[in-house]
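A look at the structure
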Amino acid sequence: MPLLAARAVTKRFGGLVAVHALDFEIDEGAIVSVIGPNGAGKTTFFNCIAGFYEIEEGEILLDGEPIHRLRRDQIAHLGVSRTYQNIRLFNNMTAMENILVGQHHHLHSTWIGAILGTRGVREDEDRAHVEARRLLRFVGLQGRGDTLASKLPYGDQRRLEVGRALANKPRLLLLDEPTAGMNPAETEQMTEFIRNLRDDLGVTILLIEHAMRVVMGISERIAVLDYGEKIAEGTPEEIQLNPRVIEAYLGRGSVAEVVAQSDPGPGSAASV
Amino acid sequence: MTAELTLARPTSRGSWRPTVRVGLLGGIIAVYLALVGIVPLFDERPLVNGVISLGQTALVLTMAGAGSIAARRATGGRGEVVAAGALAGAITGGFVTLLVILGAAVDLRAFMLNASPRLYDLLTFGLGVAGSWIPLVVGAAIGAAAGGLYVVPARFRTPVGWGLIAVVALGLFAGLLRTPLLTSGLSQVARFLFAPEGLTPIGAIIVFAVATAFNVARGPVAVGRRVSALPGRERRAVFVAGGVVSLLLVFVMPLALGGFFAQVIALVALYVLMGLGLNITLGLAGLLDLGFVAFFAVGAYTVGLLTSTAEFGIAQWPFWAAVPIAVLLAMAFGAFLGLPILGIRGDYLAIATLGFGEIIRILAGSDLLKGVLGGPRGIINIPKPIGVAPDHFLSGATQIYYIALVFAAIVAFVAWRLRASRLGRAWVAIREDEDVAEALGISLVQTKLLAYMLGAAFAGLGGAIFAGLVGSIFSSSIQLFVSINVAALIIVGGMGSIPGVIVGAIFLIGIPELFREFSEYRFLFYGIVLIAMMRYRPEGLLPSRIVRRELHVPETESPAGLPAGEPLGR
């Protein structure tokens, strides 16, 4: 059984069909990318999974259980975490606090316990802080924990967002353009880091990405969206040769041209 | 923005425009002070008896202020600095001169009630239009004097400045300080320093001298430096001793200073209490609740109904039995009022809660509930929390002072514990971005509702103590102004900051109380202070500090569970 399955998911905004009858599956432990031109419905699809949008038709199943009627916090409790295309950290909280908030539902102190400062609460807090510190180190932000999130450099903010998502101990991690705005060296590190997440923690990763080097480098499978519909799905090699994908990216007429160029090496076809 | 940039730029040699601008601003303020009636009204009230009145002080301070701002921004030699001060002062005074001339030609009283011949006489020392030159010259002289302070070294300027501030402050509070001194056996000192109103001339000189000398000796700084130079253990001992002394002072204060101060501080403590409550809803969770007075009303009326020995009292319980019920009931109301409006965000929430506050206020005074709550006649004869004989030292305001302080301390502790807990973090996360907070697993309904209920509980406690403080509760005590005041003190103190709430309450509740004798005019300054605060220090007086935690967490060298994935290189 796939970890996450979308069946005929449709999301409309007024007359606009942002996602249309989308079928999609991701197996436990996989790294899958969703690509497509701007406005293809990738982020909308993420928002449907994470409960930000209510879908009009179809269903989304996690471990075979429907989650598309649940609230965001309930979906998070089931082990789905996400990051955002435009970084959305809690800017007036420190990096440490951001991660502590991410652990929210793994902590158990009640408000009365917190006021009384019971032993259980103190131990809970201590554990949370140790864990937060470890996550800071894991995402490479050791020593920056007391910095306000808004004061961190851009790349660190992206990393912190991933750290915060990991604090929820997710099974499925949705990364929305994790390397956006990064220089080649940072992109390289982030790619490596994402692979480690899966290899070391066993987190299933679904990512939206524009940088084709990243997509082709780490994805086991790729789904291509255009105008809200899935136009192709397959391994990186298959996607690079798929005429519909090339058409979606480069426009009609360029297909023949590209196909005519023999031997499209990895990353060359759709590096737009 | 533009103004700031222009003013920050150093004046180029020979350019008088910034100076003129400061002068114009000063002139407008001076004319305003004269026309709103501050100058004529407080001409009767001396700052230093027989030397200068409060009304005159207001004008002098405006001129001096214009002079010193202009001088500070002026560049060039000493002469130019003094001249800049003189020019700004002269322009300020010149406006007053123009007012006098205009007033002689046209009767302004049709528009400005205070533009009377008496005002013009005051402004010209009785000479009328013939003396219209006087404010101009006086302004120039005062401006030059203020400017002159900027050509002498700072080690002269600062003590003189503080000396003058001390004279003005003590002159303002003379009446308040004189009474306790008279009653506490120091009547000789009181008569020596203070006239029936304001300082005596000798008193003013002494105050000036003491404040100046204190500053020259750099008293507080030197002490602070010496303390921080001490080794850790002794330094801690100094802090502990300081804490004990301040506690003792807090304890002794109402006994030494008398009932009025006790009452003011009790009021401040009451607002601290409610401020800490709203600080949870507004400061932490970011829910702007303008109907806060509703919970205050629930707390006050509950205590009233349960304890009153007069009409409408239903149980005649002791005060202490009624307080927990009042708090719980306020909490229940918080949940009841919170549920329907949880989905409302931001500005809309403010309007919705405003509606709730008004409903409660109108209900309290309505004919519908007159038979239960007493309407405008209210519930009277609410017993004092601690029943003592009238001559006991715990009678009256002193008792309430202690009770309010103790409760404020407890509530501050509770607020502090909550802020540091997982719940406190969840509140702040919701304030920052509620969508993201929810996606991280925080239940918005539960968390927001708790913020509402706990905030309401604090307000209910405030209401309960208020009922005990006043001994009665009337529908007229339930005012929108209470909600606004509490919100304002949080914003002025610094959103989300517990010390900020305390400072905000002292600033917005305590100080206006001390200026009682200036009646409505204190609200004029209250408003000006609020505007200035938001313009120059929008984060509040004591903004909440970043909680530094990372370095306090014990190091675990072998992270369990999570194998050391190659951290992203830095």
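Anyway, here's the lowdown on the structure attached to this text. (Residues numbered from 1 in each chain as written. Chains lettered and ligands numbered in written order. Predicted model: local features only at pLDDT ≥ 70, side-chain atom pairs only at ≥ 80, totals over all residues.)

**Brief notes about the overall build of chain A**
Summing up its helical and strand segments, chain A has 11 helices and 10 strands in all. Here chain A has a C-alpha radius of gyration of 20 Å; the compact-globule value for 272 residues is 19 Å, and the two agree. Expressed as lengths along the three principal axes of its C-alpha atoms, the size of chain A is roughly 70 × 40 × 35 Å. Counted over contacts in chain A with a minimum sequence separation of 6, partners at least 24 positions apart contribute 64%. (Helix = DSSP H or I, 4+ residues; strand = E, 2+ residues; numbered from the N terminus. Rg over C-alpha atoms; globule rule 2.2 N^0.38 Å. Contact = placed C-beta atoms within 7 Å.)

**Points about the nonpolar core**
All names here are of chain B. Residues Ala-266, Leu-273, Ala-330 and Ala-404 are the most contacted members of the largest nonpolar core, which totals 184 residues. The element contributing the most residues to this core is helix H14 (residues 259-284), with 18 residues. Ignoring any residue separated from it by four or fewer positions in sequence, one finds Leu-273 in contact with Phe-407, Ala-408, Val-411, Phe-458, Leu-461 and Gly-462. If you look at the next biggest cluster of nonpolar residues, it comprises 56 residues, including Ala-34, Met-63, Ala-70 and Leu-99. (Core = buried A, V, L, I, M, F, W, Y, C linked by C-beta atoms within 7 Å. Buried ≥ 20, exposed ≤ 12 C-beta atoms within 10 Å, placed from the backbone.)

**Quick notes on the packing of H14(B) against helix H22 (residues 444-470) of chain B**
All names here are of chain B. Running from N to C, H14 and H22 cross one another at 170°; their axes reach a closest spacing of 8 Å. Taken as axis vectors, H14 and H22 run roughly antiparallel relative to one another. Seen along the crossing, H14 lies across H22 with a hand that is left-handed. Along the contact surface, H14 presents Ala-266, Leu-270, Leu-273, Met-274, Leu-276, Gly-277, Leu-278, Ile-280, Thr-281 and Leu-284, while H22 presents Ala-451, Tyr-452, Leu-454, Gly-455, Ala-457, Phe-458, Ala-459, Leu-461, Gly-462, Ile-465, Phe-466 and Leu-469. Residues that form the contact of H14 with H22 fall into these classes: 18 nonpolar, four polar and no charged. (Axes fitted to C-alpha atoms, helices over the stretch in contact; angles between N-to-C directions. Parallel < 35°, antiparallel > 145°, perpendicular 65-115°, else oblique. Left-handed = near helix turned anticlockwise from the far one by under 90°. Nonpolar A, V, L, I, M, F, W, Y, C, P; charged D, E, K, R; others polar.)

**A closer look at the packing of helix H3 (residues 95-102) of chain A against helix H5 (residues 119-138) of chain A**
All names here are of chain A. One can describe the packing of H3 onto H5 by two numbers: an axis separation of 9 Å at closest approach and a directional angle of 115°. Seen from above, H3 lies across H5 with right-handed handedness. Contacts between H3 and H5 involve Ala-95, Met-96, Ile-99 and Leu-100 on the former and, on the latter, Ala-128, Ala-132, Leu-135 and Leu-136. Class assignment of the residues belonging to the contact of H3 with H5 gives a composition of eight nonpolar, no polar and no charged.

**Notes on the sheet that holds strand S2 (residues 16-26) of chain A**
Residue and element names in this part refer to chain A. In spatial order, the strands read S2-S1-S4-S5; together these four strands make up an open sheet with antiparallel pairing. Among the strands making up the open sheet, the edge pair consists of S2 and strand S5 (65-66). Note that strand S1 (residues 4-13) and strand S4 (residues 57-62) share five bridges and pair antiparallel. Its bridge partner lying in S4, Leu-4 is registered against Leu-62. Along the sheet face, helix H1 (residues 42-49) touches S1, S2 and S4 and points at about 65° away from the line of S2. (Pairing = 2+ DSSP bridges.)

**Considerations on the environment of Ser443(B)**
If you trace the backbone, Ser443(B) turns up in the loop between helix H21 (434-439) and H22. Considering only alpha carbons, one finds Ser443(B) and Leu122(B), 321 residues apart in sequence, at a separation of 66 Å.

**As for helix H24 (residues 498-514) of chain B**
All names here are of chain B. The end-to-end C-alpha separation of H24 is 23 Å, in line with the 24 Å expected for 17 residues at 1.5 Å each. Of all the bends in H24, the greatest, near 30°, is centred on Ile-506. Elements in contact with the buried residues of H24: H14, helix H19 (397-419) and helix H23 (480-493). (Expected span 1.5 Å × (residues − 1). Bend = angle between axes of the 7 residues up to and from the residue.)

**Comments concerning helix H7 (residues 184-201) of chain A**
Residues and elements named next belong to chain A. Between its first and last C-alpha, H7 extends 25 Å over 18 residues, near the 26 Å set by a 1.5 Å rise per residue. The complete set of buried residues in H7 reads Thr-187, Gln-189, Met-190, Thr-191, Phe-193, Ile-194 and Leu-197. Looking at the buried residues of H7, the elements they touch are strand S7 (172-176), strand S8 (204-208) and helix H8 (212-218).

**As for the sheet that holds strand S9 (residues 221-226) of chain A**
All names here are of chain A. Reading across from one edge, S6-S7-S8-S3-S9-S10 is the order of the six strands in this open sheet, with mixed pairing throughout. The outermost strands of the open sheet, each flanked by one partner alone, are strand S6 (80-82) and strand S10 (229-234). Here the strands of the sheet are splayed against their neighbours by 20° on average, with no regard to which way each runs. With three bridges connecting them, S6 and S7 associate as parallel partners. Paired with Ser-81 across the bridge in S7 is Leu-173. Along the sheet, H7 contacts strand S3 (31-35), S7 and S8; its crossing angle with S8, the most-contacted strand, is approximately 155°. Sitting on the sheet, helix H10 (residues 243-250) touches S9 and S10, and the angle it makes with S10 is about 130°.

**Here's the deal with the environment of Ala71(B)**
All names here are of chain B. Positionally, Ala-71 belongs in helix H4 (residues 54-73). Exposure remark for Ala-71: the 28 C-beta atoms within 10 Å place this residue in the buried category. In the structure, Ala-71 is positioned 375 residues away from Gln-446 in sequence and 58 Å away in space, judged by C-alpha atoms. Apart from the residues within four sequence positions on either side, Ala-71 is in contact with Val-81, Ala-84, Gly-85, Ala-146, Gly-147 and Tyr-150.

**Comments concerning the pairing of S7(A)**
All names here are of chain A. Among the five residues in S7, five count as buried, and that is most of the element. Of the two faces of S7, the one carrying Leu-172, Leu-174 and Asp-176 and the one carrying Leu-173 and Leu-175 are both buried. Of the strand pairs in this sheet, S7 and S8 are connected by five bridges, and their pairing is parallel. In the sheet register, Leu-174 faces S8, and the bridge partner there is Leu-206. Chirality of the crossover, the property in question, places the unit of S7, H7 and S8 among those that are right-handed. (Right-handed = clockwise from strand over helix to strand, strands pointing away.)

**Regarding the pairing of S4(A)**
In this sheet, S5(A) lies alongside S4(A) in antiparallel orientation, the contact comprising two bridges. Bridge pairing in S5(A) places Leu61(A) opposite Pro66(A).

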